[in-house]
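# A structural walkthrough
What follows is each chain in one-letter form.
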Amino acid sequence: MEEYPEELRTPPVALTCVVGCPEVHGLITAHLHSQQPPINTIALPDFSKISVIPPKKPPRENSEHVGGILKRDWLSKHRTRIPAVVAALFSSSNVSGDPAQWLQVCTDLENLKATIRGRNIKLVVVVVSQAGHKDDMSEDRMIALRKRAEVDSKYLIVFVPDEHMELKQSLSRHGPRLCTAFADLASTYYRDEGRRVKVRLEKKSFSSMELNVRYCFKVAVYAEFRRDWPEALKLYEDAYHALREMVGTSTRMPPIQRLVEIKTIAEQLHFKMSTLLLHGGKVVEAIAWFRQHTANYRKLLGAPEVIFLHWEWLSRQYLVFAQLLETSSANGLQFPSMASVPADKPTEWEFHPAYYYQAITSYLKEKNICLELALSMSEDVGPIDGSAESVVASVYHGQFARLLEREDTYIMQSLTDDEYVRYTLVEGKRFLDSFEIIALLKRSFEAYNNLKAERAAAYCGFQMAREYFSLSEFSNAKQIFDNIASLYRREGWLLSLWELLGYLRECSRGTGSVKDFIEYSLEMAAMPETTNAVELSSKYCGPAGPATLSQRAKIHKEAFEVARGGSELTLKEQNSHLKVNSDYPLYLEIDLVSPLRVVLLSLVAFHQPTVKPGALSLLTISLRTQLPTNVEIDQLEVQFNQSECNFIIVNDQKPHIAAISNVQPGRRVETAPTLVLATNKWLRLTYEIKSDQSGKLECIYVIARIGPHFTICCRAESPASMSDLPLWKFENLLETIPTVDPGLAFSGQKAIQVEEPDPQVDLNLGSSGPALVGESFILPVTVASKGHAVYSGELKINLVDTRGGGLLSPREDEPFSADNLHVELVDISCHVPEDQSEAPSDNIQKIQPSFGLISVPSLDVGDSWSCKLKIKWNRPKPIMLYVSLGYYPQNGEPSSQKVHVHKSLQIEGKTAVTISHRYMLPFRKDPLLLSKIKSVPEPDQIPSLALNELNMLLISVKNCSEVPLRLLSMSIEMEENKGSCNVQPQHVFGEPVVHVPGEEFKKVFTIVPSVNCTKLKIGTVSLRWQRDSGVREQFHSCDTESQFMKHRLPDVNIELPPLVVSMECPPHAILGNPFIYSIKIYNHTELLQEIKFSISDSQSFVSSGPHSDTIFVLPSSAHVLSYMLVPLGSGSLQLPRVTVTSVRYAAGLQPSNTSSIIFVYPSKPHFEASDT
């Protein structure tokens, strides 16, 4: 598409011309070009330059000879030299100046009118004025100027460039301004020109078919100038159909050049129609038109000597349409299609440019073939022809002429068909299409890959690689062929793979790689035979020929002759050969995904899944090939992950060949009667294997040696997990099993587990109950030798969470420390035997929070060794303790097998004690706390204590473990200034308190706050405890140090109670004896308090005193209510209930039922003091 001129590739843009006043040309030109649609401008500085506008040609006579269809410069001329509108710019000073200036204005205007009158170009008169002199212009001169210009008043415009608002109004498209005038007049001009030519079409006033095509093309271009896309598309279609009727009827030119001209014009017309359809969003119609266009001209090959021009032309149609598909936008202008298109819908691929790029390459190849044929048939075409350089493009599209120099001028002479053919052949020799074909195939290949169309991409890649191969660029060709071969193997495209491998064989010759040549040759020889391979000619089978059985056998024979060193590999370079010998050995490796598995497939199966160390186990090796002829192996080597088990199998038929192989001293050598592989038949070999090392014994490789310098290393496979051969799984073959035992064929594995030797050492883990949070738990580990000595022993300790989580605390925002661990291994203490206490120590000891490693000293049979693990629980968590002992039963033997002993123990880490607390009021004393009189208490409300009053704190300690504990001390540690409150007592227990499991121990503290604050930090309860072990021998299960348990008390609210009510009575009473029962009310405020009180009647007492009343308590004083009570019964009796209510605070105080109970004796009791 880049070869087309710009005027053809881009839509026409209206052209205007401004003459005079060059200082404002920049403003006008820039503004017109920024419009939508834009308007191009020719700027002439003065009126003497108007001659650049070409004059009108005289009308054509009907008898005048038509030289061609479309002139080459007609479209460019109307886009760059013939304006639709001319604007005459005059200065206001000249228009309103003296008579001489006015006369010059009139003269310039008349000359301009005479120049444009013949072409019907529209005229606009613009008077350029300054902002301050706009009103100074003579109205009479303006009227005279308009009449002399013969224009309408709206096309006489005053232009003020030096004032922003005036300039904006002058250039505005709204109203009678400059842009509006230019756009309207340009549209009128192109409409009139189109109608003028269209009248000739309607009246058919033309003498030849060429003029019919020309007139349709011109009207279509004028419609494009006006943005009338449907009209333009319709007329382009009329021109296309009229041009198609000229084929075979026009005799104006020689036949070859006439067809070239018609195809050239058809190409331009189709380009115009495709551009309009695609940019209008009519993709389906554009594709249908492209189909019709190529179908119309596909069979118009032309003369035999220039058929290559037809294929070149057809490839260019596909190229241009592909580029249009890439650059077109589906969001373009929408308009109804006027084109008549075929009813067949396009295929999915026709919407992608890659489809057209792929088609181009086939036409370019046809062009190259025809060009080579034409050059071979032409005898007078030399390498350089000077006459061809004088041939140039003619005045008309699609025509060529010879440029001749005659004295001081040049003339064009028409060419004969013979001269034209000679010219095209010379031009065809200058250019090679191979690189263009590669570039197009690469674009198509990448596009198909982006569309996830692997098969289409593979086809394009194959064609691209063939082009590289034809250019002898073997490295590039091989890289592409290798990538495509994987798809062909996976999908089983046998014939395509055969052809591709044939090219790869030849590429390996070009790159000088013997290994690649043998690999590709063997893969081809082992391919299945195709049924229709004989019917295909060698042209479609590649350089390897047809994929027949005989051809496979031939390739097989050639490959093995080169691999054995019997023949040389001939390279692409002249007189260049390569041979396999001791300097250049050949080594092939076949893994589980290699395509060479069809060449040699090795299966290895152990007959038992497990075996004891040193015991014999049977091993079966099965080999199979799909090569067309038998393959004789000289030597087999079987390799394991344990190198001491490797062994070699020698062919008994060729002992002299086996003798030359390098066999390591001490390596096991077996002899097989024959090592010949037949096509699709298993070769089974069974041998005994013994391993003294525990663990996994796996067969890794089976290495076949054929000849002195050819080795095939095949990865061993298990029969149970053997995958099918991709190219052979659908072939009609006799299925055989790889082993004699059918069960082994379906379950056999190439690996066997060699068990560890039975340990004769006991590993004991001692434990005496659960672990408690905070203490260091001691766990003894004992190693006792029963039948093995212990050498180089190692003890590994692992702590694992039983729930599968980690031992780390979930508090991830905290830095790593010991406190972040739930459980940690703290220390390992060892017992060193006396005979080794003075020996040099090479012990290894590594301790981490969840892992420990320690060396075990050498032990003789019957000896024992122990160590103690110190494990600390920071939080309650159950863990699993794994202890593993690894040792050698013999000393100083590197081949000795290491023995392992494993033990595990689950240990439950529990919390020893839980601490709770409770605040209580003093006995028979109730302070009025205002924070407690809310109707609805808040859920997060903190407790409140009375200021300067005695408050009780009850601490409860519960034993949550399964063992008894000793409580050593309990205290409250203050966090703030100790003067803020007084806490009593602070002491250590005189004797440890034995705390049995499940029991709750309680301790009472008194608190007297002395500071009034909303949040007072009371402190932290600190409890010191340790395990209580009645039996001294069991005390080794934990350390003797005491542990501390902390419990932080929540903050409390301290407030001054306005009222305090206390109740006083004797500790006990005697039946019938009166006693005094008093209620004391304290007023701690500076206000007079009004108090209402009442006392309830009780059947157990006879009372005297006020029943209910209202009293006043003075500030900072107390009032006492006294009653005389006589008990009427004995036992625990309820005192009369007294209720005290504060009127000011609307709150009442009533003693609890517990504090209102007194015990009444039936008679006076007698107490005796104890001697102790």
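Check the entry above for the structure.
Here's what I pulled together on the structure shown here. (Residues numbered from 1 in each chain as written. Predicted model: local features only at pLDDT ≥ 70, side-chain atom pairs only at ≥ 80, totals over all residues. Heavy atoms only, no water.)

## Digging into the overall build of the chain
Operational definition: Only runs of H or I of at least four residues qualify as helices and only runs of E of at least two qualify as strands under DSSP, and these elements are numbered from the N terminus. Here the term buried applies to any residue with accessible area under 20% of the maximum for its type, exposed to any over 50%, and partly exposed to those in between, with areas from a 1.4 Å probe on protein chains only. The contact rule is simple, with two residues in contact once any of their heavy atoms fall within 4.5 Å. Note on areas: these come from Shrake-Rupley sampling with a 1.4 Å probe, and a residue is covered only by the protein chains present in the view.
From N to C terminus, the chain includes 24 helices and 55 strands. Out of the 1172 residues belonging to the chain, those deemed buried represent 48%. Sequence separation of 24 or more characterises 74% of the internal contacts of the chain that already satisfy a separation of 6 or more. When the accessible surface of the chain is totalled, it reaches about 57900 Å², and 51% of it is carbon and sulfur.

## Quick look at the nonpolar core
Quick reminder of the rule: Residues enter a nonpolar core if they are buried and are Ala, Val, Leu, Ile, Met, Phe, Trp, Tyr or Cys, with the set joined through side-chain atoms within 4.5 Å.
In terms of nonpolar packing, the biggest core is built from 227 residues, with Leu243, Ile518, Phe640 and Ile649 touching the most fellow members. Broken down by element, the residue count for this core peaks at 13 residues, all from helix H13 (residues 307–327). Other than its neighbours up to four places away in sequence, Leu243 contacts Ile69, Val213, Ile262, Ile265, Ala266, Leu269 and Tyr297. Grouped together as the second largest cluster of nonpolar side chains are 31 residues, Val790, Leu795, Cys867 and Val901 included.

## Observations regarding the packing of aromatic side chains
Remark: the centre distance and the inter-plane angle together describe each pair of aromatic rings, the angle taken between the planes. Filter applied, for reference: Two rings belonging to Phe, Tyr or Trp (six-membered ring only in the last case) form a pair when the distance between their centres is within 6.5 Å. Interplanar angles under 30 degrees mark stacking, angles over 60 mark edge-to-face geometry, and anything in between is tilted.
Under the counting rule described, the total for this entry stands at 36 aromatic pairs. Seen from their ring centres, Tyr190 and Phe225 are 4.1 Å apart, and the 0° between their planes marks the pair as stacked. Placement of Tyr190 in helix H8 (residues 178–203) and of Phe225 in helix H9 (residues 209–225) is noted, with a sequence separation of 35 residues between them. By relative accessible area, which is 1% here, Tyr190 ends up buried. Considering the side-chain rings of Phe462 and Tyr503, the 6.0 Å spacing of their centres and the 80° angle between planes classify their relative orientation as edge-to-face. Highlighted residues: Phe462 in helix H18 (residues 454–470) and Tyr503 in helix H20 (residues 494–511), separated in sequence by 41 residues. No difference in accessibility class separates Phe462 from Tyr503, as the two residues are buried. Chaining the aromatic ring pairs together yields one cluster made of Trp74, Tyr189, Tyr190, Phe217, Tyr222, Phe225 and Tyr236.

## Remarks on the sheet that holds strand E1 (residues 15–19)
Strand pairs in the sheet, formed through backbone hydrogen bonds, run parallel or antiparallel to each other. Let me state the cut-off plainly: By the convention used here, strands pair only if DSSP detects at least 2 bridges between them. Each axis is a line fitted through C-alpha atoms, taken for helices only over the stretch in contact, and angles between the N-to-C directions span 0 to 180 degrees.
One open sheet accounts for five strands, arranged E2-E1-E3-E4-E5; its pairing is parallel. The open sheet has two free edges, formed respectively by strand E2 (40–44) and strand E5 (156–159), since each of these has just one partner strand. The average angle at which neighbouring strand axes cross in this sheet is 25°, direction not considered. Of the pairings in the sheet, the one linking strand E4 (residues 122–128) to E5 comprises four bridges and is parallel in character. Along E5, the bridge assignment pairs Val126 with Ile157. Together, E1, E2, strand E3 (85–91) and E5 form the strand contacts of helix H2 (residues 25–33), whose direction differs from that of E2 by roughly 170°. The strands that helix H6 (residues 139–149) touches are E4 and E5; relative to E4, the one it contacts most, it runs at about 160°.

## Some thoughts on H18
The line we're drawing: The length a helix should cover is 1.5 Å for every residue beyond the first.
Along its 17 residues, H18 runs 24 Å from first to last C-alpha, staying within 8% of the 24 Å computed at 1.5 Å per residue. Counting buried positions along H18 yields twelve of 17 residues, so the element is predominantly enclosed. Within the span of H18, buried status applies to Ala456, Ala457, Ala458, Cys460, Gly461, Phe462, Gln463, Met464, Ala465, Glu467, Tyr468 and Phe469. Just past H18, the residue Ser472 takes up positive phi, approximately 65°.

## Focus: a nonpolar patch on the surface
The test is simple: Each patch is built from salt-bridge-free residues with over 30% relative accessible area, joining like charges within 9 Å and nonpolar side chains (Val, Leu, Ile, Met, Phe, Trp, Tyr) within 5 Å. Whenever a carboxyl oxygen of Asp or Glu lies within 4 Å of a side-chain nitrogen of Lys or Arg, that contact is scored as a salt bridge.
Taken together, the side chains of Val395, Leu403, Tyr410 and Met412 present a nonpolar region at the surface, about 370 Å² in accessible area. Checked against the element boundaries, Val395 lands in the loop between strand E6 (391–393) and strand E7 (400–406). Residue classification places Val395 among the partly exposed positions, given a relative accessible area of 41%.

## Examining the packing of helix H14 (residues 353–377) against helix H17 (residues 434–450)
Our working definition: Roughly parallel refers to an angle under 35 degrees, roughly antiparallel to one over 145, roughly perpendicular to one between 65 and 115, and oblique to any angle outside these ranges. Two helices crossing with the near one rotated counterclockwise from the far one by less than a right angle form a left-handed crossing, whereas a clockwise rotation gives a right-handed crossing. For this scheme, ten residues count as nonpolar: Ala, Val, Leu, Ile, Met, Phe, Trp, Tyr, Cys and Pro. Four count as charged, namely Asp, Glu, Lys and Arg, and the remainder, Gly too, count as polar.
Between H14 and H17, whose axes approach to 8 Å, the crossing angle comes to 155°. The orientation of H14 with respect to H17, classified from their angle, is roughly antiparallel. Seen along the crossing, H14 lies across H17 with a hand that is left-handed. Across the interface between the two elements, Ala354, Tyr355, Tyr357, Gln358, Ile360, Thr361, Leu364, Lys365 and Asn368 from H14 touch Glu436, Ile437, Leu440, Leu441, Arg443, Ser444, Ala447 and Tyr448 from H17. Along the lines of polarity and charge, the residues of the contact of H14 with H17 split into ten nonpolar, four polar and three charged.

## Overview of the packing of H20 against helix H21 (residues 514–525)
Interhelical geometry of H20 versus H21 gives an angle of 160° and a closest axis separation of 8 Å. Relative to H21, the element H20 lies roughly antiparallel. Viewed along their axes, H20 and H21 form a crossing whose handedness is left-handed. Mapping the contact onto sequence places Leu497, Trp498, Leu501, Gly502, Leu504, Arg505, Ser508 and Arg509 in H20 and Asp516, Phe517, Tyr520, Ser521, Glu523 and Met524 in H21. By residue class, the composition of the contact of H20 with H21 is seven nonpolar, three polar and four charged.

## Looking at the environment of Asp73
Mapped onto the elements, Asp73 comes out in the loop between E2 and helix H3 (74–80). What makes Asp73 partly exposed here is its relative accessible area of 37%. Taking the C-alpha atoms as reference points, Asp73 and Val395, separated by 322 residues in sequence, lie 7.7 Å from one another.

## Observations regarding the pattern of salt bridges
Two side chains with opposite charge may pair up if their charged atoms get near one another. All told, the structure shown has 41 salt bridges when counted by the stated rule. The residue Glu231 makes a salt bridge to Lys198 at a minimum N-O spacing of 2.9 Å. On the criterion of sequence distance, the pair formed by Glu231 in helix H10 (residues 229–245) and Lys198 in helix H8 is long-range, its members being 33 residues apart. Assessed through its relative accessible area of 28%, Lys198 is described here as partly exposed. A salt bridge links Glu467 to Lys365; the shortest N-O distance between them is 3.9 Å. Of the two residues, Glu467 is situated in helix H18 and Lys365 in helix H14; the sequence distance between them amounts to 102 residues. Taking relative accessible area as the criterion, Glu467 reaches 10% and is therefore assigned buried. A single salt-bridge network, built from bridges that share partners, covers Glu110, Lys113, Arg148 and Glu150.

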